[in-house]
Amino acid sequence: MSIIAWKTINWTQVEFRVRRYQTRIYKASRDNNSPKVRCLQKRLLRSLDAKLMAVRRVTTLNKGKRTPGIDKKIFVTDNQKGKLVQKLKLDGKASPIKRVYIEKPGKKDKRPLGIPIIEDRAKQALCLLALEPEWEARFEPNSYGFRPGRSCHDAIESIFINLRNISGDKSFHKYILDVDISNCFDKIDHNYLMTKLETIPEIENQVKAWLKADIFEEIQASKMDYISKSIQGTPQGRIISPLLANIALHGMENHLKDWICTKPSFGKTNTYSKNAKRKSLAIIRYADDFVIIHKEKSIIQEAKEEIAKWLRNGPRLEISEAKTSIVDSNEGFDFLGFSIITITRGRPRVKIYPSRKSQATLLFKVRNIIQNNRSASTYNLILTLRPVIIGWANYFRFSECQKVFHKLTHLIHQKLRAWVFRRDTRNGRMKIKQRYFPSGKTYYYDGIRHQDNWTLTGKQLGKEGKMQEIWLPHMVWVKSKKWVKIKADKSPFDGDNVYWAKRTLNKGNWSIRQRKLIKRQNGYCTWCKTLFTEDSFVEVDHIIPRSLGGKDEYKNLQLLHKHCHIEKSRIDGSRGKKTNIQLGQEPDEVKVSRPDLSTGVKVTRPLV
């Protein structure tokens, strides 16, 4: 068998052919054409394109590409990746997994994490390419966790829509059942999951092998201790685990909707139709966290018993009584880091803002960073703090966050001010202030001009011998925005490129520079001339590399797919260095009406 020339692969064509298969699987599953789904899945699993994408994901794109499993092997060179592609096959075998423990945010206990070997990760990525489009066509509309094209903000917006007052009744409120499933990933019944999966033998045998794989725990730096065989659950850390968990919990929403139709009419009248009853009950799920909303408390109490019964008889899961509660929407509740409450004073409305727990977690993390960097330079402290503060603000900006951002800006500034005056006790306070917080300076953040006398600034001599200056933006400079919820029946596999191109341009997790560049490029990668998608791995590239005299300016930047960036860097001789534009004062926007598709070096790349 000839060796695959990894560097000559045309990834644009590979992705196009795989997505074409996935779209066909999605449409066949939506039409309940099971024979066609099975046929297409078999063809996709045997295709070289799917194997290439699976191997690229686990050896090039994923952050854990250099984290080995129990065999301590990683695949770094192009030759190793090519050989892995050639032997990749769903053979119904699985190697033992390595178990490690990671800390839960804000908790003392730790979460178990399973790390398979890279070969098994590639098999899981290959299996996911075939299974995901089939189940995306079947999943319920209000399931948002670990699904392509969906996010936490979609779940929060769905809660907002179900709680908001349309009738104008000042006494408006609803009851919420906030459910917590005890150890969901670790206790899912294997037999129930396999019965529900109902797929082709190749995938079924392979999934069984992964579920039953032995577990080893590291007891010393160089020794592994055998624990036992896995008899239940789908360990967190596997590529396919989120999909399997979603499959196990699928049907919960439809079951409750059917259940409420069997209840006698409620409310002031007896004219409730089945359709009205189904709409009166809302269930919004993000992975194993979900809430049930209804205006009658008695219905919510009965729904708790019904959902507990469904979980026991189906995936063999239990509700955590200590963490499950029934609350009035006027009292408020927390979900996915947000606090949600209905306010009836004046004009009835729904208010969503960052929860107190989320605020405390951020302040605790900022304090630890500052305390652990007492002797660090201001430049390095800003490098560490900026992604933490701005990343938190970008997540919560899709809410009524400005008052919270003002408060946190003040509290973080107090910590930074104490850090500054503690590290320099020889000079006067005004001199120290001017050194770290220069007065009369102008800063540009997200296209808005700010004048501020208390912005932490740091300087460092760069590799080119020039002084580099960076500053820490205030959280309050991040402006609140409205999130647009995904349409209930939309999926990245449905073939509607226009809808997903618009949604990709406006999705919430772009950084400032990425957002500017993708809009300047009208959503296209300037290297491969294809649209960015919701699940694209992207990087900012210097059109003229820094090593060849290129500057950190927006007119010299472009947004590329990660694999396109790697290819361009190999051709132009650069090492794919990342720019620090986002860390310093941002230049004025470069106004370009359409992407300059002539930039970069374009070469002819043979297909695999």
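Look a little higher up for the structure.
S.K.: How do you make sense of the overall build of the protein chain when you look at a structure like this?
M.R.: Within the protein chain one finds 20 helices and 17 strands. For the protein chain, the proportion of its 608 residues judged to be buried stands at 52%. Expressed as a percentage of contacts within the protein chain between residues at least 6 apart in sequence, the contacts between residues at least 24 apart total 70%. Taken as a whole, the protein chain presents about 29900 Å² of accessible surface, with 49% of it coming from carbon and sulfur.

S.K.: What should I look at first to understand a positive patch on the surface in this one?
M.R.: The grouping of Arg20, Arg24, Lys36, Lys42, Arg43 and Arg46 at the surface amounts to a positive patch. Of all elements in the fold, only α1 (11–30) and α2 (34–46) reach the threshold of two or more residues within the positive patch. When residues in the positive patch are grouped by element, the largest group, 4 residues, is from α2. As for its position among the elements, lysine 42 is in helix α2.

S.K.: Is there a simple way to think about the pairing of strand β3 (residues 175–180) in this case?
M.R.: Looking along a regular strand, one sees side chains alternate from face to face of the sheet. The element β3 is largely enclosed, with a buried count of 6 among its 6 residues. Across the two faces of β3 the burial is the same, with Tyr175, Leu177 and Val179 and Ile176, Asp178 and Asp180 all buried. In this sheet, strand β7 (residues 289–294) lies alongside β3 in antiparallel orientation, the contact comprising 6 bridges. Looking at β7, one finds that tyrosine 175 is bridged to histidine 294.

S.K.: When you look at α2 in this model, what are you seeing that I'm missing?
M.R.: Within an α-helix, residues lying three or four positions from one another point in the same direction, as the helix has 3.6 residues per turn. Its 13 residues give α2 an end-to-end C-alpha distance of 19 Å, which sits within 8% of 18 Å, the value for a rise of 1.5 Å per residue. When α2 is considered as a whole, its buried residues turn out to be Val37, Arg38, Leu40, Gln41, Leu44 and Leu45. Each buried residue of α2 lies within a common arc of 170° when the element is viewed along its axis, so the set occupies one face. Those residues of α2 that are exposed and aimed more than 90 degrees away from the buried face are Pro35 and Arg46. Buried residues belonging to α2 abut α1, α3 (48–61), α5 (118–136) and α9 (201–211).

S.K.: Honestly, the sheet that holds strand β9 (residues 333–335) in this entry has me stumped. Any pointers?
M.R.: By way of backbone hydrogen bonds, the strands of a sheet pair with one another, either parallel or antiparallel. Taken in spatial order, the 3 strands of this open sheet run β9-β10-β11, and their pairing is antiparallel. Of all the strands in the sheet, just β9 and β11 (349–354) have a single pairing partner and so form its edges. Taking the axes of each pair of neighbouring strands and ignoring which way they run, one obtains an average angle of 30° across the sheet. Helix α6 (residues 152–163) rests against β9, β10 (338–343) and β11 of the sheet, and its axis sits at about 10° to β10.

S.K.: Help me understand unusual backbone geometry in this model?
M.R.: Across residues other than glycine, the phi torsion is negative in most instances, and most of the peptide bonds are trans. Residues other than glycine seldom take positive phi values, yet phenylalanine 146 does so here, at roughly 55°. By secondary structure assignment, the location of phenylalanine 146 is in the loop between α5 and α6. A positive phi angle is found at asparagine 522, which is not glycine, with a value near 55°. Topologically, asparagine 522 is positioned in the loop between α19 (512–520) and β16 (538–542).

S.K.: What should I look at first to understand the packing of helix α14 (residues 356–371) against helix α15 (residues 378–396) in this one?
M.R.: Packed helices, taken two at a time, are described by the angle their axes make and the gap between the axes. Taken N-terminus to C-terminus, the directions of α14 and α15 make an angle of 175°; their axes are 10 Å apart at the nearest point. As far as their axial angle goes, α15 and α14 are roughly antiparallel. Of α15, the residues touching α14 (which contributes Ser358, Gln359, Leu362, Lys365, Val366, Ile369 and Ile370) are Leu381, Thr384, Leu385, Val388, Ile389, Trp392 and Phe396. The residue makeup of the contact of α14 with α15, split by class, is 10 nonpolar, 3 polar and 1 charged.

S.K.: Help me understand the pairing of strand β12 (residues 441–445), please; the structure alone is not making it clear to me.
M.R.: Sheet analysis places β12 next to strand β13 (residues 448–452), joined by 5 bridges and oriented antiparallel. Considered in β13, the bridge of threonine 442 is made with glutamine 451. Remark: 2 residues form the turn of the hairpin made by β12 and β13, two consecutive strands paired antiparallel; aspartate 446 in that turn has positive phi of roughly 55°.

S.K.: I tried to follow helix α10 (residues 241–249) on my own but got confused; where do I start?
M.R.: The element α10 is extensively covered by neighbouring structure, given that 8 of its 9 residues are classed as buried. Within α10 the residues assigned to the buried category are Ser241, Leu243, Leu244, Ala245, Asn246, Ile247, Ala248 and Leu249. Once α10 finishes, glycine 251 follows within two positions and takes phi at roughly 105°, a positive value.

S.K.: Got a minute to help me understand the pattern of salt bridges in this structure?
M.R.: Pairing is possible between side chains that carry opposite charge, provided their charged atoms lie close to one another. Per the counting criterion, the structure on display carries 24 salt bridges. For lysine 87, the salt bridge is made with glutamate 119, and the minimal N-O distance between the two is 3.8 Å. Of this pair, lysine 87 sits in helix α4 (residues 78–87) while glutamate 119 sits in helix α5, and the two are 32 residues apart along the sequence. Its relative accessible area of 48% is what places lysine 87 among the partly exposed residues.

S.K.: Just checking my understanding: could you explain the side chain of lysine 490 for this structure?
M.R.: By the element assignment, lysine 490 lies in the loop between β15 (467–471) and α18 (497–505). Side-chain polar atoms of lysine 490 contact the side chain of aspartate 494, separated by 3.1 Å. Looking at lysine 490, its side chain comes within polar contact range of the side chain of aspartate 496, at 2.8 Å. When sequence neighbours within four positions are dropped, the list of residues in contact with lysine 490 reads Arg150, Asp496, Tyr499 and Trp500.

S.K.: I'm lost on the packing of aromatic side chains in this one. Help?
M.R.: Two descriptors summarise a pair of aromatic rings, namely the distance from one centre to the other and the angle between the planes of the rings. Under the defined criterion, the tally for this structure stands at 16 aromatic pairs. Three or more aromatic residues joined by ring pairs form one cluster here, namely Phe338, Trp392, Tyr395, Phe396 and Phe405. The aromatic ring of phenylalanine 421 is capped on one face by arginine 429, whose charged end is 4.2 Å from the ring centroid. Between lysine 433 and the ring centre of tryptophan 454, over which it is positioned, the NZ or CZ distance is 4.8 Å.

S.K.: Quick question: what am I supposed to make of the nonpolar core here?
M.R.: Counting residues in hydrophobic clusters, the biggest one holds 75 residues, and the most contacted among them are Ile203 and Val207. When residues in this core are grouped by element, the largest group, 10 residues, is from α5. Other than its neighbours up to four places away in sequence, isoleucine 203 contacts Leu45, Leu90, Cys127, Ala130 and Leu131. In terms of nonpolar packing, the next biggest core, distinct from the first, is built from 63 residues, Leu381, Ile382, Phe421 and Ile512 among them.

S.K.: In this structure, what is going on with the sheet that holds strand β6 (residues 282–286)? I would like to understand it.
M.R.: If you trace the 4 strands from one edge of the open sheet to the other, you get β6-β7-β3-β8, paired in antiparallel fashion. Lying at the two open borders of the sheet, with one neighbouring strand each, are β6 and β8 (325–328). The mean angle between the axes of side-by-side strands here comes to 20°, regardless of whether they run parallel or antiparallel. Pairing geometry for β3 and β8, over 4 bridges, is antiparallel. Bridge assignment links aspartate 178 to a residue of β8, and that residue is serine 325.

Here is what the cut-offs are and how they apply
Residues numbered from 1 in each chain as written. Predicted model: local features only at pLDDT ≥ 70, side-chain atom pairs only at ≥ 80, totals over all residues. Heavy atoms only, no water. Helix = DSSP H or I, 4+ residues; strand = E, 2+ residues; numbered from the N terminus. Buried < 20%, exposed > 50% of the residue type's maximum accessible area, 1.4 Å probe, protein only. Contact = heavy atoms within 4.5 Å. Areas by Shrake-Rupley, 256 points an atom, 1.4 Å probe, with all protein chains shown as cover. Patch = residues over 30% accessible without salt bridge, like charges linked within 9 Å, V, L, I, M, F, W, Y side chains within 5 Å. Salt bridge = Lys/Arg side-chain N within 4 Å of Asp/Glu carboxyl O. Lys, Arg positive; Asp, Glu negative; His and termini not counted. Charge placed at Lys NZ, Arg CZ, Asp CG, Glu CD. Pairing = 2+ DSSP bridges. Expected span 1.5 Å × (residues − 1). Arc of directions from axis to C-beta. Axes fitted to C-alpha atoms, helices over the stretch in contact; angles between N-to-C directions. Parallel < 35°, antiparallel > 145°, perpendicular 65-115°, else oblique. Nonpolar A, V, L, I, M, F, W, Y, C, P; charged D, E, K, R; others polar. Polar contact = N/O pair within 3.5 Å; in protein donor to acceptor, adjacent residues only side chain to side chain. Phe/Tyr/Trp six-rings, centres within 6.5 Å; stacked < 30°, edge-to-face > 60°. Lys NZ or Arg CZ within 6 Å of the ring centre and 35° of its normal. Core = buried A, V, L, I, M, F, W, Y, C linked by side-chain atoms within 4.5 Å.

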